[in-house]
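Understanding the architecture of this molecule
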Amino acid sequence: MLCSNINKSIFNHGRAFLNKKSGCIKCLSTTGLHSNELVVNRLSGEHEGVVVLGLNRPEAKNSFSKNLSSLLTDTVDSLKYDQRARVLIMRSMVPGIFCAGADLKERAKMTPEEVGPFVGRLRRLVFDIYQFPIPTIAALDGTAVGGGLEMALGFDIRVAASNVKMGLVETKLAIIPGGGGTQNLARLVGPSLAKELIFTGSLVEGNQARAIGLVNHSVDQNASGDAAYLKALQVAKSILPQGPIALRMAKEAINRGVEVDISSGMAFEQACYAQVIPTKDRIEGLTAFKEKRPPNYKGH
């Protein structure tokens, strides 16, 4: 059963805290930040351990404003230290749109000196998501273009509805993807295809995105418009029973290994494997296997 207590993120000094009694992410408000643009929801029951971030700027198609960027950055930073979080999902609370990228109306008011640092912060956010210690899933139930797709590319797993359009369209505005898109897209689909998609500013739909490796799953949209989110929950549910430390170490080994030669990658794997050997969870896994019962992992 899903937790019905959906909490709106509110920030103070850029820090969130965990309400241990309710099990929900709470935050305090910083002057000038509109908290309703980001919804943070901790799930319960069979999805215990899943934290869902919901983008909620319907008037601007979830585009990145300074405010939303700050909310996301602070929330992601705070959740890094939440030991109860096992899987992070990002979705949209706005029907038909995941994220339209940068808020161009706000961007037009920035000076050239302001644009670079702002894009740099978005790039850092994508990289922080890429390095986030637990498995992450982006649920694309609506259009994801520009910075919206760049953010999704930072997630470990992407699920899209088959009718969703996505693409890096920045060259149409005489700029390039500045939130990690040139790097992450090339690593996912290969340099040649990434160049074609970026050079032409082309959009692809869910099934094509699945065929080229841009998303892991493409699902038919349902009447509620949340088919990708439901699939993301299904994937998250299959992740939850695994050892938490093992998941973190597997992610680190993969992330580090894909950037280096095979010999160095093997060394990273060895170092990560060494960190799971002394854990209580490893002993619990062996004991549960011997006793023919499900393991009860604690993350120790």
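Everything discussed here concerns the structure shown above.
A brief report on the enclosed structure follows. (Residues numbered from 1 in each chain as written. Predicted model: local features only at pLDDT ≥ 70, side-chain atom pairs only at ≥ 80, totals over all residues. Heavy atoms only, no water.)

1. Describing the sheet that holds strand β12 (residues 204-205)
Spelled out, the test is: Here the rule is simple: two strands pair whenever DSSP picks up at least two bridges between them. Counting from the N terminus, the helices are the DSSP runs of H or I reaching at least four residues and the strands are the DSSP runs of E reaching at least two.
Spatially, four strands are ordered β7-β9-β11-β12 in an open sheet, and the strand pairing comes out mixed. If you trace the sheet from one side to the other, it starts and ends with β7 (97-99) and β12, each paired once. Of the pairings in the sheet, the one linking strand β9 (residues 143-145) to strand β11 (residues 165-167) comprises two bridges and is parallel in character. Bridged to A144 within β11 is M166.

2. Considering the packing of helix α1 (residues 66-79) against helix α3 (residues 112-130)
We count it as follows: An axis is simply a line fitted to the C-alpha atoms; with a helix, the fit covers only the stretch in contact. Between two such axes, the angle follows the N-to-C directions and lies from 0 to 180 degrees. Handedness of a helix crossing follows the sense of rotation of the near helix relative to the far helix, less than a right angle counterclockwise being left-handed and clockwise being right-handed. Should any heavy atoms of two residues lie within 4.5 Å, those residues are considered in contact. Here the nonpolar group is Ala, Val, Leu, Ile, Met, Phe, Trp, Tyr, Cys and Pro; Asp, Glu, Lys and Arg are the charged ones; every other residue, Gly included, is treated as polar.
Interhelical geometry of α1 versus α3 gives an angle of 35° and a closest axis separation of 10 Å. As α1 packs across α3, the resulting crossing turns out to be left-handed. Contact residues: α1 offers K66, S69, L72, T73 and V76, while α3 offers E114, F118, L122, L125, D128 and I129. Each residue belonging to the contact of α1 with α3 can be placed in one class, and the counts come to six nonpolar, two polar and three charged.

3. Points about the nonpolar core
One recurring pattern in soluble globular proteins is that nonpolar side chains are buried together. The line we're drawing: Residues belong to one nonpolar core when they are buried, are Ala, Val, Leu, Ile, Met, Phe, Trp, Tyr or Cys, and are joined through side-chain atoms within 4.5 Å. Exposed residues in this analysis have more than 50% of their type's maximum accessible area, buried residues have under 20%, and partly exposed residues fall in between, with area computed by a 1.4 Å probe over protein chains only.
Among the nonpolar cores identified, the biggest contains 45 residues, and L55, L72, F98, M151, M166, L185 and L214 are the most heavily contacted of them. It is α1 that contributes the most residues to this core, five residues altogether. Ranked by size, the runner-up nonpolar core spans 18 residues in total, among them I137, V159, A228 and A232.

4. Some remarks on the pairing of strand β5 (residues 50-55)
Worth spelling out the cut-off: Note on handedness: a clockwise path from strand one over the helix to strand two, with the strands aimed away from the viewer, defines a right-handed crossover.
By the criterion of burial, β5 is predominantly enclosed, with six of the six residues buried. By the alternation rule, side chains of β5 split into V50, V52 and G54 and V51, L53 and L55, which are all buried. In this structure, β5 lies alongside strand β6 (residues 87-92), joined through six bridges in parallel fashion. From the neighbouring strand, L55 faces β6, where its bridge partner is S92. Handedness of the crossover is the feature at issue here: the chain leaves β5, passes through α1, returns alongside β6, and the resulting connection is right-handed.

5. A short note on unusual backbone geometry
Outside of glycine, negative phi angles account for most residues, and trans bonds account for most peptide bonds. Positioned with a positive phi, K61 is a non-glycine residue whose angle comes to about 55°. Of note, K61 is situated in the loop between β5 and α1. With a phi angle near 55°, K292 is a residue other than glycine that sits in the positive phi range. When you line up the elements, K292 lands in the segment after α11 (280-291).

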